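Structural description and commentary
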Amino acid sequence: MRLKEKESGIQGAILKYGALTKGISMFRMNVVGIPIHGKPNTFRPAAEKGIADIYCQLMVYGIPVSMWLEVKAGKRKQEVSQLEFEKRVENYYVVRSVDDAAAAIDDVRTKTINKINEFLPF
């Protein structure tokens, strides 16, 4: 029997990785909405529809750089609202594991360092 991996478990593992990694701050975004009192299983929509699951700020040469992580389990794909959110922000990544998140962080660091190096006089 094989257990299905849940997005919440992946998110938790990524957030723990972020908490243990120097120079990274991660925040779980409320994408479910707010439960409505007296109405079971009914939620007021989240303020920002399609927002990524995790906001991450990493430090590169003392400069805070923002990135977004959308967590998906298995073969799940982005919803239309998530694709629209992705178009509005920089450094957006769909991740399916801690390894994917670590690779995305490395990619953003590398891109940022390369941009900084373009402006250096030497």
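Above this note sits the structure.
Let me begin by describing the structure that accompanies this report. (Residues numbered from 1 in each chain as written. Predicted model: local features only at pLDDT ≥ 70, side-chain atom pairs only at ≥ 80, totals over all residues. Heavy atoms only, no water.)

With that out of the way, let us pick up the packing of helix α1 (residues 7-20) against helix α3 (residues 98-119). At a minimum axis separation of 9 Å, α1 and α3 run at an interaxial angle of 45°. In terms of orientation, α1 lies oblique with respect to α3. Classified by chirality, the crossing of α3 by α1 is right-handed. Counting all contacts with α1, which are made through Ala-13, Ile-14 and Tyr-17, the residues of α3 involved are Val-98, Ala-101, Ala-102 and Ile-105. For the contact of α1 with α3, the residue count by class is 7 nonpolar, no polar and no charged. (Axes fitted to C-alpha atoms, helices over the stretch in contact; angles between N-to-C directions. Helix = DSSP H or I, 4+ residues; strand = E, 2+ residues; numbered from the N terminus. Parallel < 35°, antiparallel > 145°, perpendicular 65-115°, else oblique. Left-handed = near helix turned anticlockwise from the far one by under 90°. Contact = heavy atoms within 4.5 Å. Nonpolar A, V, L, I, M, F, W, Y, C, P; charged D, E, K, R; others polar.)

With that out of the way, let us pick up the pattern of salt bridges. Tallied over the full model, the rule gives 3 salt bridges. Of the charged contacts, one joins Glu-70 and Lys-72 as a salt bridge, the two residues approaching to 3.7 Å between their closest N and O atoms. On the accessibility criterion, Lys-72 (2% relative accessible area) is buried. Here Asp-107 makes a salt bridge to Lys-111, at a shortest N to O gap of 3.2 Å. Of this pair, Asp-107 and Lys-111 both sit in helix α3, separated by 4 residues, roughly a single helical turn. (Salt bridge = Lys/Arg side-chain N within 4 Å of Asp/Glu carboxyl O. Buried < 20%, exposed > 50% of the residue type's maximum accessible area, 1.4 Å probe, protein only.)

What follows covers the side chain of Ser-81. Tracing the backbone shows Ser-81 in helix α2 (residues 80-88). For Ser-81, a relative accessible area of 14% translates into the label buried. Here Ser-81 is in contact with Lys-49 and Gly-50, once residues within four sequence places are set aside.

Further remarks concern the packing of aromatic side chains. Taken as a whole, this structure holds 4 aromatic pairs when the rule is applied. Taken together, the ring pairs in this structure connect Phe-27, Tyr-55, Trp-68, Phe-85 and Tyr-92 into an aromatic cluster. (Phe/Tyr/Trp six-rings, centres within 6.5 Å; stacked < 30°, edge-to-face > 60°.)

To continue, consider α1. Helix length check: α1 (14 residues) gives 20 Å between terminal C-alpha atoms against 20 Å at 1.5 Å per residue, within 8%. The set of residues buried in α1 consists of Glu-7, Ile-10, Gln-11, Ile-14 and Gly-18. One side of α1 carries all its buried residues, which in axial view fall inside an arc of 100°. In α1, the exposed positions that point more than 90 degrees away from the buried face belong to Ser-8, Lys-16, Ala-19 and Leu-20. Structurally, α1 contributes buried residues whose contacts are with β1 (24-28), β4 (54-60), β5 (63-71), β6 (92-95) and α3. (Expected span 1.5 Å × (residues − 1). Arc of directions from axis to C-beta.)

A few words now on the nonpolar core. Membership of the largest hydrophobic core comes to 19 residues, with the highest contact counts inside it found for Ile-14, Met-26, Leu-58, Met-67, Leu-69, Tyr-93 and Val-95. Elements supplying a minimum of two residues to this core: α1, β1, β4, β5, β6 and α3. Setting aside residues no more than four positions away along its own chain, Ile-14 makes contact with Met-26, Ile-54, Leu-69, Val-71, Val-95, Ser-97, Val-98 and Ala-101. The next biggest cluster of nonpolar side chains, apart from the first, holds 6 residues, and it includes Ile-51, Ala-52, Trp-68 and Tyr-92. (Core = buried A, V, L, I, M, F, W, Y, C linked by side-chain atoms within 4.5 Å.)

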